[in-house]
Amino acid sequence: MKTYITAAEVITALGADLAANVRAIEDGLSGVAERKDPRLSDSPVMAAVIPDETFACLAAQYGGADGKSGALTRTELLLAAVIGSIVSQTGIDMSSADTFIVFSSTKGNVSLLDPSSSNQDERAYLWEMGERVASRFGASGRFCVISNACISGVSALVVARRLILSGKYRKIVVAGCDTLSRFIVSGFASFRSLSGGVCRPYDSSRDGLNLGEAAGAVLLSDAFSKGAVVLSGGAISDDANHISGPSRTGDGLFFAMRNAMNEAGVTPDDISFLNMHGTATVYNDEMESKAVGLAGLSSVPVQSLKPYFGHTLGASGVVETVMSAVQLRKGTVWGTKGYETPGTPMPLNVSSASRRVSMKHCVKAASGFGGCNAAVVLSLPEYSSGTAGREEHPASESRPSASYRILRTVSLKDGRLARDGKTVFSSEATEFGEFARALYHEKGRADMKFFKMDSLCKLGYLAAGELLDGIEFEPEETAVVLSDSSSSMDSDLRHLETLSCCGEAAASPSVFVYTLPNVVAGEICIRHKIKGENTFFISREYEPDKLREYASMVLSRNGVRYCIVGWCEYLKGAYDAVFELLEADNR
Amino acid sequence: MTLYLNFLKPITDKMESQTENNRVYMENLNENLKKQLIEALNLEDITPADIDDNMPLFGETGLGLDSIDALEIILILERNYGIKVEKPKEGKEIFYSISTIADYIRKNTK
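Just so it is clear, the model here is predicted, and its values are computed rather than measured. (Residues numbered from 1 in each chain as written. Chains lettered and ligands numbered in written order. Predicted model: local features only at pLDDT ≥ 70, side-chain atom pairs only at ≥ 80, totals over all residues.)

Topic: the overall build of chain B
Put simply, the rule is: Think of it this way: any DSSP run of H or I at least four residues long counts as a helix, any run of E at least two long counts as a strand, and we number them from the N terminus. Around each residue's C-beta, the other C-beta atoms within 10 Å are counted; 20 or more make the residue buried, 12 or fewer make it exposed, and counts in between make it partly exposed. All C-beta atoms are placed from the backbone. We call two residues in contact when the distance between their C-beta atoms, placed using the backbone, is within 7 Å.
Looking only at helices and strands, chain B features six helices and zero strands. Along its sequence from the N terminus, chain B presents helices and strands in the succession α-α-α-α-α-α. Expressed as a percentage of its 110 residues, the buried residues of chain B come to 25%. Sequence separation of 24 or more characterises 47% of the internal contacts of chain B that already satisfy a separation of 6 or more.

Considerations on the overall build of chain A
Quick reminder of the rule: For a compact globule the rule gives 2.2 Å times the number of residues to the power 0.38, and the radius of gyration it is set against comes from C-alpha atoms.
For chain A, the helix and strand inventory stands at 16 helices and 23 strands. Here the C-alpha radius of gyration of chain A, 22 Å, is about what a compact globule of 587 residues would show, namely 25 Å. Each principal axis of the C-alpha distribution contributes one length, and for chain A these read about 65 × 60 × 50 Å. Here the analysis covers contacts within chain A between residues at least 6 apart in sequence; of these, 77% occur between residues at least 24 apart.

Considerations on the confidence of the model for chain B
All names here are of chain B. For clarity, the threshold we go by: pLDDT expresses, on a scale from 0 to 100, how confident the predictor is about each individual residue.
The pLDDT averaged across chain B works out to 78; a share of 74% of its residues lies at or above 70. When the elements of chain B are averaged for pLDDT, helix α1 (residues 2-8) gives the smallest value, 40, and helix α6 (residues 98-108) the largest, 92. Across residues 1-15, confidence stays below pLDDT 50; counting only partners more than four residues off in sequence or on other chains, it has 10 contacts.

Remarks on helix α6 (residues 182-190) of chain A
With eight of nine residues buried, α6(A) lies mostly within the body of the structure. Listed in full, the buried residues belonging to α6(A) are A:Arg182, A:Ile184, A:Val185, A:Ser186, A:Gly187, A:Phe188, A:Ala189 and A:Ser190. Residues of α6(A) that are buried sit in contact with β3 (45-48), β7 (211-212), α13 (489-502) and α14 (509-512) of chain A together with α4 (67-81) of chain B. Just downstream of α6(A) lies A:Arg192, where phi reads positive at about 55 degrees.

Some points on the interface of chain B and chain A
Applied cut-off: Throughout this entry, Asp, Glu, Lys and Arg are counted as charged residues, while Ala, Val, Leu, Ile, Met, Phe, Trp, Tyr, Cys and Pro are counted as nonpolar. The remaining residues, Gly among them, count as polar.
Counting from both sides, the interface comprises 14 residues of chain B and, opposite them, 13 residues of chain A. The biggest single contributor to the side of chain B that touches chain A is α4(B), with six residues. Its residues assigned to classes, the side of chain B that touches chain A shows six nonpolar, three polar and five charged.

Thoughts on the nonpolar core
Residues and elements named next belong to chain A. Quick reminder of the rule: In this usage, the nonpolar core is the set of buried Ala, Val, Leu, Ile, Met, Phe, Trp, Tyr and Cys residues whose C-beta atoms join them within 7 Å.
In this structure, Val82, Val102, Val174, Met257, Leu274 and Val481 are the most contacted members of the largest nonpolar core, which totals 221 residues. The leading source of residues in this core is helix α5 (residues 152-165), at nine residues. Apart from the residues lying within four places of it in its own chain, the contact partners of valine 481 are Thr535, Leu547, Tyr550, Ala551, Val554, Cys563, Ile564 and Val565.

Comments concerning unusual backbone geometry
Residues and elements named next belong to chain A. Positive phi outside glycine occurs at alanine 280, with the angle close to 80 degrees. As for its position among the elements, alanine 280 is in the loop between β10 (271-275) and α8 (282-294). The phi torsion at serine 487 lies on the positive side, around 50 degrees, for a residue other than glycine. Within the fold, serine 487 resides in the loop between β20 (478-484) and α13.

Section: helix α15 (residues 519-528) of chain A
Residues and elements named next belong to chain A. The buried count for α15 comes to eight of 10 residues, which makes it a mostly enclosed element. Where α15 is concerned, the buried positions are Val519, Val520, Ala521, Gly522, Glu523, Ile524, Cys525 and Ile526. Structurally, α15 contributes buried residues whose contacts are with β9 (229-238), β16 (372-379), α12 (455-467), β20, β21 (534-538) and β22 (562-571). Taken from the residues just after α15, lysine 529 is the one with a positive phi, measuring 55 degrees.

Digging into the packing of helix α3 (residues 29-41) of chain B against α4(B)
Residue and element names in this part refer to chain B. Selection rule: Simply put, an axis is a line fit to the C-alpha atoms, just over the touching stretch for a helix, and the angle between two N-to-C directions goes from 0 to 180 degrees. Relative orientations are named as follows: roughly parallel for angles under 35 degrees, roughly antiparallel for angles over 145 degrees, roughly perpendicular for angles from 65 to 115 degrees, and oblique for any other angle. The crossing is said to be left-handed when, going from far helix to near helix, the turn is anticlockwise and less than a right angle, and right-handed when the turn is clockwise.
At a minimum axis distance of 10 Å, the contact between α3 and α4 shows a crossing angle of 125 degrees. The angle between α3 and α4 places the two elements in the oblique class. The element α3 and its partner α4 pack so that their crossing is right-handed. Judged by residue contacts, Gln36, Ala40 and Leu41 of α3 engage Asp69, Glu72, Ile76 and Asn80 from α4.

Re the pairing of strand β4 (residues 99-104) of chain A
Residue and element names in this part refer to chain A. Our working definition: A pair of strands is treated as paired once DSSP finds two or more bridges between them.
β4 sits mainly inside the fold: six of its six residues count as buried. Here β4 shows a buried face lined by Thr99, Ile101 and Phe103 and a second buried face lined by Phe100, Val102 and Ser104. Direction of pairing for β4 relative to strand β6 (residues 171-178): parallel, over a ladder of six bridges. Paired with valine 102 across the bridge in β6 is valine 174. In terms of strand pairing, β4 meets strand β5 (residues 143-146) through four bridges, oriented parallel. Residue pairing in the sheet places phenylalanine 103 in a bridge with valine 145 of β5.

A word on the sheet that holds β7(A)
Strand pairing in a sheet takes place through backbone hydrogen bonds and is either antiparallel or parallel in direction. Residues and elements named next belong to chain A. Within the open sheet, the three strands sit side by side as β2-β3-β7. Their pairing is mixed. If you trace the sheet from one side to the other, it starts and ends with β2 (32-35) and β7, each paired once. With two bridges joining them, β3 and β7 adopt parallel strand pairing. Among the inter-strand pairings, alanine 48 is bridged to a residue of β7, identified as glycine 212.

Quick word on the confidence of the model for chain A
Summary statistics for chain A give a mean pLDDT of 95 and a share of 96% for residues scoring 70 or more. Below a pLDDT of 50 lies the segment residues 389-397 of chain A, which in the model reaches nine contacts outside its immediate sequence neighbourhood of four places, other chains included.

Description of the environment of A:Ile184
Tracing the chain through its elements places A:Ile184 in helix α6. Ignoring sequence-local partners within four residues, the contact set of A:Ile184 consists of A:Lys107 and A:Leu211.

A few points about the pairing of β21(A)
Residue and element names in this part refer to chain A. Burial analysis of β21 places five of its five residues in the buried class, the great majority of the element. Residues of β21 alternate between two faces, with Asn534, Phe536 and Ile538 on one and Thr535 and Phe537 on the opposite face, all of them buried. Bridging between β20 and β21 involves five bridges; their strand directions are parallel. Residue serine 483 lies in a different strand from β21, and its bridge partner there is phenylalanine 537.

In structure tokens form, the structure reads like this:
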């Protein structure tokens, strides 16, 4: 069976639809410009911002952007617009039982959070954002939300592909979006990672990234239609090195690209071009060059689209995959605007000019905080291997899901740590900080990093420590699939408190780094040297059956033996973790 | 001591207050730096006595700080001492130990 991308739409600073974006890039335009906008920052910032007129236009179409009851927020409007476009292009029935939506976003409606309130607007929860958009299309409850830092969009494509291969759904809309706010701009500024000009990926003079806002959507289908490209492989990995610093070796990103190419049944010689993350920070681009070298792809044309769109966070993986599909069809690799002088330790085949290339397959890759990496392979249908058709699963292809057994269950709640239902540790002090500290010392750990973590990470770290106690594995044979309800809201509120009390310049990098839920998975990977898949879902409640079902798809991959699945929820002192260790059968 | 001064000085005396703060900080610079570091980096299990003036702050052998911590130290210097580290790359030598940070502060305080 194959999975096809049969329709696509994007809205970015460069244009309100796909055709406008393609024209703008071919005209060499950049969406990045100096913005003096209190929505973003007190001081001018270089960013790729969607014009207010676009929002006004969408609001007229989809019912208001002013945040009143029922009206959609900016983020929701963009999501509704790109999904609406897919629906009108293809005429699909979003309420059908074999249709589903996978959302990707890092911060959703974060600007609705109020640090001075004890009760947060429900729309600030990513699952509520998903519900509000999905219900507009009659798809209430028929969606999932992935929040996996800067790989979210590529992760969503990998997850959607697996869901289709498993036969669970026949059509999935993957929709990614992030909009900019003071929250995000001040955080990246505290990291000193914003460039004062238009970013220059891979160039020797690169000095940081530009933030951008965008939305993108694709329709993934098990049936071919004219003009479709094949999503022929996808994989996710973790560096197990550092939560914000890119790997020194590039091995994590290499694993993701290699595994995606293996799944697609292609070799480096088959790859026509690479669309990389290319944020233009010194260390990201350095790491990418090493990963591309390890993958044997140094001579393949490479591009980054960040100088056009900025870094659009949870949207970037979807938007840039759409643009990769367009280039694959056109036989053209667009230039990386602003590139002049090679500036990476390993050679990369970058050009500022557009190139004609004979196309077969391309790789889209991304990396993000938490040490996560993801890659997908897109193929022209005539070159993609495997068999078309829904019912066939030839032996040469990996099974869509594996049977497994639950080796161990750990829960951590109300001052009690339990393994398989039996209390392992309990404390009179149920307040999380004290309890976590007591448990940490009880376990005799000496990991300086523990006390620097936010509460969500401490919770996951302690639960995973018990779950994996005495279990040995190779780095790549273990995956981590977690979920929660409030994303990283506890740290989000701490970041916002600093902004409201002391101003943007006081934003703390050691708080901001934890404003992504998947960082807990990253901390677990560092502690236990896990380099397999990391995926973080946001749902209203713990849905163990759905997580196990997805884990069974992850476990069906060659070389994957264990998958940690779980719920890791922390908000304002309330904590609840349930972790399970799944082991694939038939080994 | 710092609290006492901040409490007494009216806001209009901000500049003077900062100078006065600096004087107090300078008298016990190393000790204050350690306290500020512990607070800003959430090093819960560490006391100032655990941090030797000359021990490396970064890397496996010393306190084990990382790149995010380096950004926090830049913030400490800006907020408490009014010193801007313009080139983050300089940070590596400046932030080697408590002593090297203290030297840098003395050199850059007018």
